[in-house]
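# Survey of secondary and tertiary structure
Given next are the chains, with one letter for each unit.
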Number of protein chains: 2
Amino acid sequence: MLNFVFKNQTEILFGKGQMREITSRLPEAAKVLLLYGGGSIKNNGVYDQAMSALTGVEVVEFGGVEPNPTYETLMQAVATAKQNDVNFILAVGGGSVIDGAKFVAAAFNFDGEPWDILVKGASFSNPLPIGAVLTLPATGSESNGNSVVTKKATSQKRAFSSPTVQPQFAVLDPEYTYSLPPRQVSNGVVDAFVHVIEQYLTYPVNAPLQDRFAEGILQTLISEGPKALSEPNNYDVRANVMWSATMALNGLIGQGVPQDWSTHMIGHELTALYNLDHAQTLAIVLPAVMYVQRDKKAEKIKQLGERVFGITVADEAQQIDQTIKAVQDFFESMAVQTRLADYQLDEKAVQEVIANLEKNGMTALGEHGDIDLAKAKEILMLAL
Amino acid sequence: MLNFVFKNQTEILFGKGQMREITSRLPEAAKVLLLYGGGSIKNNGVYDQAMSALTGVEVVEFGGVEPNPTYETLMQAVATAKQNDVNFILAVGGGSVIDGAKFVAAAFNFDGEPWDILVKGASFSNPLPIGAVLTLPATGSESNGNSVVTKKATSQKRAFSSPTVQPQFAVLDPEYTYSLPPRQVSNGVVDAFVHVIEQYLTYPVNAPLQDRFAEGILQTLISEGPKALSEPNNYDVRANVMWSATMALNGLIGQGVPQDWSTHMIGHELTALYNLDHAQTLAIVLPAVMYVQRDKKAEKIKQLGERVFGITVADEAQQIDQTIKAVQDFFESMAVQTRLADYQLDEKAVQEVIANLEKNGMTALGEHGDIDLAKAKEILMLAL
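Starting afresh in each chain, residues are numbered from 1 along the sequence in its written order. Here every chain gets a letter starting at A, and every ligand a number starting at 1, in the order they are written. Per-residue local features are limited, in this predicted model, to residues with pLDDT of at least 70; the limit for side-chain atom pairs, both in listing and counting, is 80 or more; totals at the level of whole chains, interfaces and linings are taken over all residues. Remark: hydrogens and water are excluded; side-chain values derive from all non-hydrogen atoms of the structure.

The following threshold applies: UniProt positions are given in the numbering used here, feature names are shortened, and annotations may be inferred rather than shown by experiment.
Going by the annotation in an unreviewed UniProt entry, the name recorded for chain A is Iron-containing alcohol dehydrogenase, with Pseudoalteromonas maricaloris given as the source organism. As recorded by UniProt, the Sequence similarities (unreviewed entry) comment attached to chain A reads in full: "Belongs to the iron-containing alcohol dehydrogenase family."

Rendered as structure tokens:
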């Protein structure tokens, strides 16, 4: 096992009705920026519950944060936050809104061009504190310090991470997910699944507990994910998906083990260029990464097949092939397609993604840093 | 799944050499009470490493905290802490030292008789902050707010719990466990195993992820525990046991599910009366609790048997019998005996334990509150 330092500071408020707990967790004389997305929270009752919980608290609204939140929109939110001198951000939405809140929090007291936080790793101080009300289980953003922001003008999708912008609390009420469109449910399950894989599917370092935890999340997503589509109002199913997605990327399962985020890195370029859903890009890239890296990942792919999918074939190559196929089948069973052609993309897209990876310095991906541009191209060609 | 609120504030510093990280985590102008046990840390190098890390920091020592720490000894530590006006406690040891540190921290600014914190749930304020250096993986005390203290004068073993006395950081260096006597290794593994069982072996509430995490810890303890005895200097084995014991009782796996702490409650009386090792009492009581509660716990006992021990028998009664036997066999394989007679205790002890349970109000134990004195007696008689 590798050394690690780990703490997760987010207080999880899990279950129906937990919204009422948020007021006691706001700062004194709170002036809250209520950040949200396309407005679905106004139709499904979440907005009303938030405003009811915030009775007596000064609230400034900023809606319209888009999926794959853009720098352009978020800078407007920063302006609104400054104009109104807020001292807290309540992010109500999915990973995009919460990621956006982190950027707004960091940019609020930043001198200079905040884009530098994303591209130059510029340091910032005194970020606004954040609380999250999660409506879409997927990214884990509600209890980690990660944020991904896209600059529309240049099609650049970049990330930053800091414990100082991690939400202080997160309301996880499974009922808030009942009204999600099926496509978002599917995307969330696939995103969480791939987060786990990226902290698990590398090479063994004799960390059996981390393996078991990762496998436990995968098993739960496989059993509960399809039910979330077929039984949208089943509370326990929604709760299990929600808790799995949070545990998938709150830092715990990745402690002490190598990680491989190449699927996310390559996928980000597909979203930036063609506006594919984040999870769609992962479903396209991951099986191809597994295939191209099959030798280096052999031990863990076999373990995944056996423990999570119940595949036990004596022949190693077959065991690996069937496990990759099982992952692909799971994505397809969640109605997320797994080939570039399914999204009308061809070799031209491969060239463009490779050019973007090069431009963004993504030339040594994977747990061994050996996914260079040639290998990335091999991966994408396999995914055609 | 049941509602829950969860946060774990302890920063885990895991791995070899992490002691050097502690200095940056002390308060300014730190005056540290170094609390430890019987002195083994002076023989195995841990004391020297701590003192080396604390170079330049004012340190007051208090050694001699015993296994099952006593109120009498800890009140001496409180006096030392007050005389020297310390502002931080560094607990270096196992669960007993860390539990003791929590009581000292709580008693430090307490007006009145600190025993009331344990028997009357008296509230306290401004506890001293605590850091922990773990030398014995077992209780999980390094990252939870629980403390158990025994009053020698009256043979009372009582607990209190508060997030305000939870360690701010915990150093988990597997190398510190190399020199542990085998009996302490065995006890630690059994204690952690039973902690998991007590948050798992109740009745199903459709919380599959919690189940998988619990099973993952049990599987890891079963595979790594015996190796910790046979390969005492195997770093990864020690690391895996250490991380498992912390995860067993840092609060995570018990969120959203019913719990049954009857084994601990009954076991505490055996320790208070006859000074049995804490883990010995658990190894005696748990199999009998499983047997007596077999109908109410049937679903989970069968799941435990199948998933953790690989037992699959069509007949339900046999499946349950074999699973209880497997738990007992595991304890015995860790060289912890499972019958009262193994410790020269007989029916007289049963009567005395029942009398103590009655005196301490422990008359409605278990996840259903249905383990009354009659049932507790049935459990103990089965364990003769």
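### Points about the overall build of chain A
Here is the rule: Each helix is a run of H or I in the DSSP string that is no shorter than four residues. Each strand is a run of E no shorter than two, and both are numbered from the N terminus. For the radius of gyration, the atoms used are the C-alpha atoms, and the globule rule reads 2.2 Å times the number of residues raised to 0.38. Contact criterion: two residues are considered in contact whenever any of their non-hydrogen atoms come within 4.5 Å of each other. Every accessible area reported is derived by Shrake-Rupley at a probe size of 1.4 Å, with residue values counting cover from the shown protein chains alone.
Along chain A, the regular secondary structure elements total 14 helices and eight strands. For 384 residues, the compact-globule formula gives about 21 Å, and the C-alpha radius of gyration of chain A, at 20 Å, lands near that figure. Overall, the C-alpha framework of chain A stretches about 65 × 45 × 45 Å when taken along its three principal axes. Counting only contacts in chain A whose residues sit at least 6 apart along the sequence, the fraction spanning at least 24 positions is 78%. On chain A, roughly 13700 Å² of surface is accessible, and the fraction owed to carbon and sulfur atoms is 47%.

### Considering the packing of helix α6 (residues 182-198) of chain B against helix α9 (residues 262-274) of chain B
Residue and element names in this part refer to chain B. Short version of the rule: The axes are straight lines fitted to the C-alpha atoms, using for helices just the contacting stretch, and the angles between their N-to-C directions are given from 0 to 180°. Should an angle lie under 35 degrees it is considered roughly parallel, over 145 roughly antiparallel, and from 65 to 115 roughly perpendicular; all remaining angles are considered oblique. Three categories are distinguished: nonpolar for Ala, Val, Leu, Ile, Met, Phe, Trp, Tyr, Cys and Pro, charged for Asp, Glu, Lys and Arg, and polar for the others, with Gly belonging to the last.
Closest axis-to-axis distance for the α6/α9 pair is 9 Å, and the angle between their directions is 135°. If you check the angle between α6 and α9, you find them oblique. Counted together, Asp191, Val194, His195 and Glu198 of α6 and Ser262, Thr263 and His264 of α9 form the full contact between these two elements. Here the contact of α6 with α9 is built from residues that sort into one nonpolar, four polar and two charged.

### Considerations on the UniProt feature "domain: Alcohol dehydrogenase iron-type/glycerol dehydrogenase GldA" (unreviewed entry) in chain A
With numbering aligned to this structure, UniProt lists the feature "domain: Alcohol dehydrogenase iron-type/glycerol dehydrogenase GldA" (unreviewed entry) at residues 10-174 of chain A. Each end of residues 10-174 of chain A is marked by a C-alpha atom, and these two atoms are 18 Å apart; helix forms 27% of the span and strand 26%.

### Quick word on the interface of chain B and chain A
Note the cut-off: Once two parts are put together, the accessible area they lose, assessed with a 1.4 Å probe and summed over both, is termed the buried area. A pair is scored as a salt bridge if a Lys or Arg side-chain nitrogen falls within 4 Å of a carboxyl oxygen belonging to Asp or Glu. Throughout this description, a polar contact denotes any pair of N or O atoms lying within 3.5 Å of each other; where both atoms belong to protein, one of them has to be capable of donating a hydrogen while the other can accept it, and for residues adjacent in sequence the pair is counted only when both atoms sit in side chains. Strand pairing is assigned whenever DSSP detects at least two bridges linking the two strands.
Facing 38 residues of chain B, the contacting portion of chain A comprises 38 residues. When chain B packs against chain A, close to 3300 Å² is buried across both sides, 60% of that on carbon and sulfur atoms. Taken as a group, B:Met1, B:Leu209 and B:Trp243 account for 19% of the area that chain B buries against chain A, more than any other trio of residues on that side. Taken together, chain B and chain A are joined by zero salt bridges. Here chain B and chain A share twelve residue pairs in polar contact (both at pLDDT 80 or more) between them. The set of elements that each furnish at least two residues to the side of chain B that touches chain A consists of β1 (4-14), α7 (208-230) and α8 (235-248) of chain B. The residue inventory of the side of chain B that touches chain A, partitioned by class, reads 18 nonpolar, 13 polar and seven charged. Sheet analysis places strand β1 (residues 4-14) of chain A next to β1(B), joined by seven bridges and oriented antiparallel. Bridge pairing in β1(B) places A:Phe4 opposite B:Phe14.

### Structural notes on the nonpolar core
What counts here: Throughout this description, the term nonpolar core refers to a set of buried Ala, Val, Leu, Ile, Met, Phe, Trp, Tyr and Cys residues connected via side-chain atoms within 4.5 Å. Here the term buried applies to any residue with accessible area under 20% of the maximum for its type, exposed to any over 50%, and partly exposed to those in between, with areas from a 1.4 Å probe on protein chains only.
Among the nonpolar cores identified, the biggest contains 230 residues, and A:Trp243 and B:Trp243 are the most heavily contacted of them. Those residues within four positions of B:Trp243 in sequence are excluded, and the remaining contacts are A:Met1, A:Phe4, A:Leu209, A:Gln210, A:Leu252, B:Ile12, B:Phe14 and B:Leu172.

### Things to note about the sheet that holds strand β5 (residues 130-134) of chain B
If you trace the twelve strands from one edge of the open sheet to the other, you get β3(A)-β2(A)-β4(A)-β5(A)-β8(A)-β1(A)-β1(B)-β8(B)-β5(B)-β4(B)-β2(B)-β3(B), paired in mixed fashion. The sheet is open, and its two edges are formed by β3 (58-62) of chain A together with β3 (58-62) of chain B, each paired on a single side. Averaged over all neighbouring strand pairs, the angle between strand axes comes to 25°, with direction disregarded. The pairing of strand β4 (residues 88-93) of chain B with β5(B) spans five bridges and is classified as parallel. Paired with B:Val92 across the two strands is B:Val133, which belongs to β5(B). The strands touched by helix α4 (residues 95-108) of chain A within the sheet are β2 (31-36), β4 (88-93) and β5 (130-134) of chain A, with β4(A) carrying the most contacts at an inclination of about 160°.

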